[in-house]
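Chain by chain, the residues:
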2 protein chains.
Amino acid sequence: MPDPRPPDRPSRPPVLRPPESREKILEVAEAGFAAKGYAGVGLREIAAAVGLGKSSLFHHFPTKLDLYGAVLEQVLTRLALDLDLQTRPEDGPAERLERWIDAIVRRLAEDAPAARLMLRAMVDQEPYPAIRLIETDRELMPFERRLAGILGRLGGLLEEGIAAGVFRPLGIPDAIQTVVGAVVFHFASGDLGEALIGEDLFSGTAVERRRREVVEFVCRGLRA
Amino acid sequence: MPDPRPPDRPSRPPVLRPPESREKILEVAEAGFAAKGYAGVGLREIAAAVGLGKSSLFHHFPTKLDLYGAVLEQVLTRLALDLDLQTRPEDGPAERLERWIDAIVRRLAEDAPAARLMLRAMVDQEPYPAIRLIETDRELMPFERRLAGILGRLGGLLEEGIAAGVFRPLGIPDAIQTVVGAVVFHFASGDLGEALIGEDLFSGTAVERRRREVVEFVCRGLRA
DNA sequence: GTCTATAGTGAGATAGAC
DNA sequence: GTCTATCTCACTATAGAC
């Protein structure tokens, strides 16, 4: 039986494969930046972990800052997409807040470096001195746009809940800060958190318990 | 009228002034490490901000790591001392928890870089890969001892409150993580937090409002 | 206790061959 | 798209004069 494929064409489609290195680089860089911060990781180190020469990185990302921005964008985009999937506007604010927290917790649990990376990005004064949430003179960077969307969604939820009387009246920006700290810090606390919890922070049981605990805590903290 | 001071002795007492440079270095280094992380600040930069030559730092702190450790120790020691001052064992767990939060908030507000520095120290995998809270083979470092004391005090409070029935039953380590995140993140969020709150995070009114909000939130989250 | 000078290392980035 | 080689610069740390 003759092979229908022409002999000069390999069986795997050769097209649509170029981003393989890029994905690997982003993955390794995410772990590095999360663990040691922007200044703490060298491109040499990242390249070696990927299995490339240092200079090859510059083919994919022209500068270290571009690589960092791309990592942040990918992480925050995944988060934002998860939140979009959870959208069910017919639910009340309390249910939607609970699902907002669910989605964040599940994503931070699945993408272990993400919490560290986000916390750093929000706390660092370098390389981005001020992460902006609203348009000013310059356009927002892609990752800033994503973060603004994520926090804005939480803020809208709180506002709605207060208006509906299911949440007590409180300062929305303050509440955002509290919720973000309560949700994100745990998954960023690494060895310290593990010493405290006495278990791998990212094991299935630990994540599910954490999800329940933090949802309960936040809902009680906000309830009218 | 003759000057009573001998001409070769300056009017200010020359003795008891040696730690002046050391204090300045610690202060500048705290701000630097807080803003940009351990790897992000150079000793040259710190020395310049203090007004010293780079090499003079090594006279006070033999290595960069020693300087970092000293900064952490100072910050956490101030926090621990503030908590000691608040001790009134005759109060119930709820009041003591409220005063625990009060003391932390007031210290983080007074010592602006402290929150960033602490959050970093708890999240970083470098230069200290694992901050330990209990004695193992090696002795705890001074700053680890302080942190263990601060978190241990919170844990004890929670345990007592649950036993007394004023807090609902919950996982103590999880609750510690939640409370720390909720309290500390706000003061570490810098420009992002300021954009959110719309005000200087460290102004008197903002701090007092924050104190009220986070105490209320945490107490509601824990109440039985 | 502070300085200048310098060693030694590793960083980010560029050029150009293949 | 990856490589080798190289540039420039900043870093931690040391040595020794004052």
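Reading the values: the criteria
Residues numbered from 1 in each chain as written. Chains lettered and ligands numbered in written order. Predicted model: local features only at pLDDT ≥ 70, side-chain atom pairs only at ≥ 80, totals over all residues. Heavy atoms only, no water. Helix = DSSP H or I, 4+ residues; strand = E, 2+ residues; numbered from the N terminus. Buried < 20%, exposed > 50% of the residue type's maximum accessible area, 1.4 Å probe, protein only. Contact = heavy atoms within 4.5 Å. Areas by Shrake-Rupley, 256 points an atom, 1.4 Å probe, with all protein chains shown as cover. Lys, Arg positive; Asp, Glu negative; His and termini not counted. Charge placed at Lys NZ, Arg CZ, Asp CG, Glu CD. Least-squares fit on C-alpha atoms with pLDDT ≥ 70 in both. Near = heavy atom within 4 Å. Polar contact = N/O pair within 3.5 Å; in protein donor to acceptor, adjacent residues only side chain to side chain. Nonpolar A, V, L, I, M, F, W, Y, C, P; charged D, E, K, R; others polar. Expected span 1.5 Å × (residues − 1). Phe/Tyr/Trp six-rings, centres within 6.5 Å; stacked < 30°, edge-to-face > 60°. Lys NZ or Arg CZ within 6 Å of the ring centre and 35° of its normal. Buried area = accessible area lost by both parts, 1.4 Å probe. Salt bridge = Lys/Arg side-chain N within 4 Å of Asp/Glu carboxyl O.

(A) Examining the overall build of chain A more closely. Secondary structure assignment for chain A yields 10 helices and zero strands. Along chain A, helices (α) and strands (β) appear in the sequence α-α-α-α-α-α-α-α-α-α when read from the amino end. In chain A, buried positions account for 49% of the 224 residues. Of the contacts made within chain A by residues no fewer than 6 positions apart, 64% connect residues no fewer than 24 positions apart. Surface accessibility of chain A: about 10,800 Å² in total, with carbon and sulfur atoms responsible for 55%. Where the 30 positive side-chain charges of chain A centre and where its 34 negative ones centre are 3 Å apart.

(B) Broad picture of the relation of the copies chain B and chain A. By a simple turn and slide, chain B fits onto chain A: the slide is 0.0 Å along the axis, the RMSD is 0.1 Å, and the turn is 180°. One copy is carried onto the other by what is essentially a two-fold rotation axis. An overlap of 100% is found between the interface residues of chain B and their copies at the interface of chain A, pointing to a shared contact surface.

(C) A look at the protein's contact with DNA strand C. Taken together, 17 residues lie near DNA strand C, and A:L43, A:K54, B:G53, B:H59 and B:H60 sit nearest. At the protein interface, 50% of the atoms of DNA strand C within 4 Å belong to sugar or phosphate. Within the contact set of DNA strand C, a phosphate oxygen lies 2.9 Å away from a backbone nitrogen or oxygen of A:K64. Take B:H59: an N or O atom from its side chain is 3.5 Å from a base nitrogen of DNA strand C. In terms of residue class, the surface near DNA strand C is made up of four nonpolar, nine polar and four charged.

(D) Structural view of helix α8 (residues 172-188) of chain A. End to end, α8(A) covers 24 Å across 17 residues, agreeing with the expected 24 Å (1.5 Å per residue, within 8%). With its phi angle positive at about 50°, A:G190 sits one or two positions after the end of α8(A).

(E) Main features of the protein's contact with DNA strand D. Taken together, 16 residues lie around DNA strand D, and A:G53, A:H59, A:H60, B:L43 and B:S55 are the ones closest in. Protein-adjacent atoms of DNA strand D, using a 4 Å cutoff, are sugar or phosphate at a proportion of 50%. In this structure, a phosphate oxygen belonging to DNA strand D sits 2.3 Å away from a main-chain N or O atom of A:G53. Between a base nitrogen of DNA strand D and a side-chain N or O atom of B:K54, the distance comes to 3.0 Å. Counting residues per element, the ones that place at least two in the surface near DNA strand D are α3 (57-60) of chain A together with α2 (43-50) of chain B.

(F) Region of the structure containing the packing of aromatic side chains. All names here are of chain A. Within the structure shown, the criterion is met by 13 aromatic pairs over all chains. Taking 5.0 Å as the distance between ring centres and 80° as the angle between the ring planes, the aromatic pair formed by F33 and Y68 counts as edge-to-face. Taken as a pair, F33 in helix α1 (residues 20-36) and Y68 in helix α4 (residues 64-85) lie far apart in primary sequence, 35 residues in all. Judged on exposure class, the residue F33 and its partner Y68 are both buried. Aromatic pair Y128 and F143: ring centres 5.1 Å apart, planes at 45°, arrangement tilted. With a gap of 15 residues between them, Y128 in the loop between α6 (114-123) and α7 (142-164) and F143 in helix α7 connect regions that are remote in the sequence. Note on accessibility: Y128 and F143 belong to one class, buried. Three or more aromatic residues joined by ring pairs form one cluster here, namely F33, Y38, Y68, Y128 and F143. Just above the ring of Y38 sits the side chain of K64; from NZ or CZ to the centre is 4.6 Å.

(G) Spotlight on the side chain of B:H186. Tracing the backbone shows B:H186 in helix α8 (residues 172-188). A relative accessible area of 1% means that B:H186 is categorised as buried. Leaving out residues up to four positions away in the same chain, B:H186 has contacts with A:D174, A:Q177, B:I197, B:L201 and B:R210.

(H) Inspection of helix α7 (residues 142-164) of chain B at higher detail. Taking 1.5 Å per residue as the helical rise, α7(B) with its 23 residues ought to reach 33 Å, and the 33 Å between its terminal C-alpha atoms agrees with that figure. Burial in α7(B) covers these residues: B:F143, B:E144, B:L147, B:A148, B:I150, B:L151, B:L154, B:G155, B:L157, B:L158 and B:G161. Contact partners of the buried residues in α7(B): α9 (190-197) of chain A together with α4 (64-85), α5 (93-110), α6 (114-123), α8 and α10 (204-222) of chain B. The positive-phi residue at the C-terminal boundary of α7(B) is B:G165, with phi of around 85°.

(I) Highlighting the interface of chain B and chain A. Taken together, the contact pairs 47 residues of chain B with 48 residues of chain A. The junction of chain B with chain A conceals about 4,700 Å² of combined surface from both sides, 60% of it contributed by carbon and sulfur atoms. The interface formed by chain B and chain A contains eight salt bridges. Across the pair A:R209 and B:D174 runs a salt bridge whose closest N-O atoms are separated by 2.8 Å. Here chain B is connected to chain A by 20 residue pairs in polar contact (both at pLDDT 80 or more). Elements with a contribution of two residues or more to the side of chain B that touches chain A: α1 (19-36), α6, α8, α9 (190-197) and α10 of chain B. By residue number, the principal contributor to the side of chain B that touches chain A is α8(B), which donates 11 residues.

Everything listed is a geometric property; what it means functionally is a separate question.
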